[in-house]
Amino acid sequence: CLVGNAKKWKSGSLAKSIANKGRIVELKATQIQHDTNQFLIRFEWTQTDLCFADILEMAGTTPIPPYLNRKAEEGDKKRYQTIYAQQSGSVAAPTAGLHFTSEVFSSLQSKNIRIEEVTLHVGAGTFRPVQSEKISDHNMHIESLLVSRETLNQLIHHLATGITAVGTTSLRTLESLYWLGLKVFINKDVELQDQLVSQWEPYLDHPELSSDESLGLLLSYLDNHEMDEIRFSTRLIIVPGYKFRLVNRLITNFHQPGSTLLLLVAAFLGKDWKSVYKYAIDHDFRFLSYGDSSFLNLNSNNQ
């Protein structure tokens, strides 16, 4: 967990009473251990018929980004959520998706632009700035993903015409698929379910594989294992020098300095990222989660 005002919690347990359908649930949180950035907390509660997701729903508030420096408001339940969210699991909304409405989706589909969805559980590490002097010393957070057979088919079909990722984390999801397929190429007996794409995997020596070959290997894997989806996780970090394999265009908000998100944009645009951000600053664009969006094309030197 991330813990606010952690200095005030020296040791021991914290308790809270929560009203639930006429009954009172006693919730207790106990500190087990912690390091600089995160805490290990044991949660206990009295109504055993409730799962932890129920407790969070009852006791929690909308997890808006900490840099907004305010408490969550009732309106955040709608504003800080995409219209296509379906499954619980993320600690934050994929904010590039906040710009989309049903009307926008209808307009895109009328222009024969296909929309594919992936299940993406954004992790708390997305809020963590780069604090190390060298990016090589930064530990990237892990995010859980689920990609369907149909999405893999559509990605292969549209590689030639171009793929647009909505959000930096969606881009990391799509790019991670390439490295997942490469694992199958290297080891035919690899178990992909719950496999992890490591942080520096793309920057090591590896066999060269085309994007459609890599995605094709994933489809073959699904066929051989009689599966319709792949569930895996990624720690992939994208920094300048990364060669993009699947994504040609990116829709994303404007990010803060010292973030892995800005590093990703710099990798995507090359040196042009500075002029894009200068334009945004000079024209008073809004940054971060409730800010303005941008539509970026991959720098031709980064393909």
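In what follows, the structure referred to is the one given above.
This report concerns the structure included in the present document. Here the structure is a predicted model, which is why all the values come from computation and not from measurement.

### Re the environment of Leu192
Looking at the secondary structure, you find Leu192 in the loop between helix 5 (168–186) and strand 7 (196–197). Take Leu192: its relative accessible area is 0%, and that puts it in the buried class. When the C-alpha positions of Leu192 and Gly181 are compared, they lie 9.1 Å apart, and in sequence the two are 11 residues distant. Apart from residues no more than four positions distant in its own chain, Leu192 is found in contact with Leu180, Val184, Leu218, Tyr221, Ile230, Arg231 and Phe232.

### Focus on the side chain of Ser294
Mapping Ser294 onto the fold places it in strand 10 (residues 293–297). Filtering out sequence-adjacent residues up to four positions away, Ser294 remains in contact with Leu250, Ile251, Thr252 and Phe254.

### Some thoughts on the packing of helix 5 against helix 7 (residues 260–269)
Contact geometry for helix 5 and helix 7: axes closest at 10 Å, N-to-C directions at 65 degrees. You can see that helix 5 and helix 7 cross each other, and the crossing is left-handed. Residues Thr168, Leu171 and Arg172 of helix 5 pack against Leu261, Leu264 and Phe268 of helix 7. Per-class residue counts for the contact of helix 5 with helix 7 are 4 nonpolar, 1 polar and 1 charged.

### Remarks on the environment of Gly123
Note on placement: Gly123 falls in the loop between strand 4 (119–121) and strand 5 (143–148). A relative accessible area of 13% places Gly123 in the buried class. With 153 residues separating them in the primary sequence, Gly123 and Val276 have C-alpha atoms 27 Å apart. Excluding residues within four positions of it along the chain, Gly123 makes contact with Val91 and Glu143.

### Some remarks on the pattern of salt bridges
Scanning all chains against the criterion turns up 17 salt bridges. Among the charged side chains, a network of salt bridges with common partners joins Arg70, Glu73, Asp76 and Arg79.

### Thoughts on the nonpolar core
In terms of nonpolar packing, the biggest core is built from 52 residues, with Leu152, Leu171, Leu177, Leu218 and Phe268 touching the most fellow members. Elements with a minimum of two residues in this core: strand 5, helix 4 (149–158), helix 5, helix 6 (211–224), strand 8 (229–234), helix 7 and helix 8 (272–282). When residues of this core are assigned to their parent elements, the largest contribution, 8 residues, is made by helix 5. Residues in contact with Leu177, not counting those within four places in the same chain, are Val147, Leu152, Leu155, Ser214, Leu215, Leu218 and Phe232. Counting 5 residues, the second-largest nonpolar core is a separate cluster that includes Ile18, Val25, Leu50 and Ile55.

### Considering the state of the cysteines
Counted by the stated rule, this structure contains 0 disulfides. Looking at the unpaired Cys1, the closest cysteine sulfur is the one in Cys51, lying at 16 Å. Under the relative-accessibility criterion, Cys1 is labelled partly exposed at 46%.

### Re the packing of aromatic side chains
Geometry of an aromatic ring pair is reported as the spacing of the ring centres plus the angle between the planes. Counted according to the given criterion, the structure contains 16 aromatic pairs. With centroids separated by 5.1 Å and ring planes inclined at 35 degrees, the aromatic side chains of Phe43 and Phe52 adopt a geometry described as tilted. According to the relative accessible area criterion, Phe43 is partly exposed, its value standing at 30%. Residue Phe52 is classed as partly exposed on the basis of its relative accessible area of 33%. On the numbers, 6.0 Å between centres and 85 degrees between planes, the contact of Tyr80 with Tyr290 is edge-to-face. Here Tyr80 is found in the loop between helix 2 (76–79) and helix 3 (102–110), whereas its partner Tyr290 is found in the loop between helix 8 and strand 10, with 210 residues between them in sequence.

### Quick word on helix 7
The buried fraction of helix 7 amounts to 9 of the 10 residues, a majority that puts the element mostly inside the structure. Turning to helix 7, its buried residues are Thr260, Leu261, Leu262, Leu264, Val265, Ala266, Ala267, Phe268 and Leu269. Contact partners of the buried residues in helix 7: helix 5, strand 9 (249–253), helix 8 and strand 10. At the C-terminal side of helix 7, Gly270 shows a positive phi close to 70 degrees.

The rules behind these values
- Each chain has its residues counted from 1, running along the sequence as written.
- Local features in a predicted model are, by the rule used here, given only for residues with pLDDT of at least 70; side-chain atom pairs are given and counted only at 80 or more, and totals for whole chains, interfaces and linings are based on all residues.
- Excluding hydrogens and water, the side-chain figures rest on all heavy atoms present in the structure.
- Here a helix means four or more residues in a row that DSSP labels H or I, a strand means two or more in a row labelled E, and each is numbered from the N terminus.
- A 1.4 Å probe rolled over the protein chains alone gives each residue an accessible area, and that area as a share of the maximum for its type sets the label: buried under 20%, exposed over 50%, partly exposed in between.
- Working rule for contacts: check all heavy atoms of both residues, and any pair within 4.5 Å makes them a contact.
- To get an axis, fit a line to the C-alpha atoms, keeping to the stretch in contact for a helix; angles then go from 0 to 180 degrees between the N-to-C directions.
- Handedness of a helix crossing follows the sense of rotation of the near helix relative to the far helix, less than a right angle counterclockwise being left-handed and clockwise being right-handed.
- Note on residue categories: nonpolar means Ala, Val, Leu, Ile, Met, Phe, Trp, Tyr, Cys or Pro, charged means Asp, Glu, Lys or Arg, and polar means any other residue, Gly included.
- Here a salt bridge means any side-chain nitrogen of Lys or Arg lying within 4 Å of a carboxyl oxygen belonging to Asp or Glu.
- Working definition of a nonpolar core: buried Ala, Val, Leu, Ile, Met, Phe, Trp, Tyr and Cys residues. They are joined through side-chain atoms within 4.5 Å.
- The disulfide definition used here is simple: a pair of cysteine sulfur atoms within 2.5 Å.
- Stacked, edge-to-face and tilted labels apply to pairs of Phe, Tyr and Trp rings (six-membered ring for Trp) whose centres lie within 6.5 Å, assigned for plane angles under 30 degrees, over 60, and everything in between, in that order.

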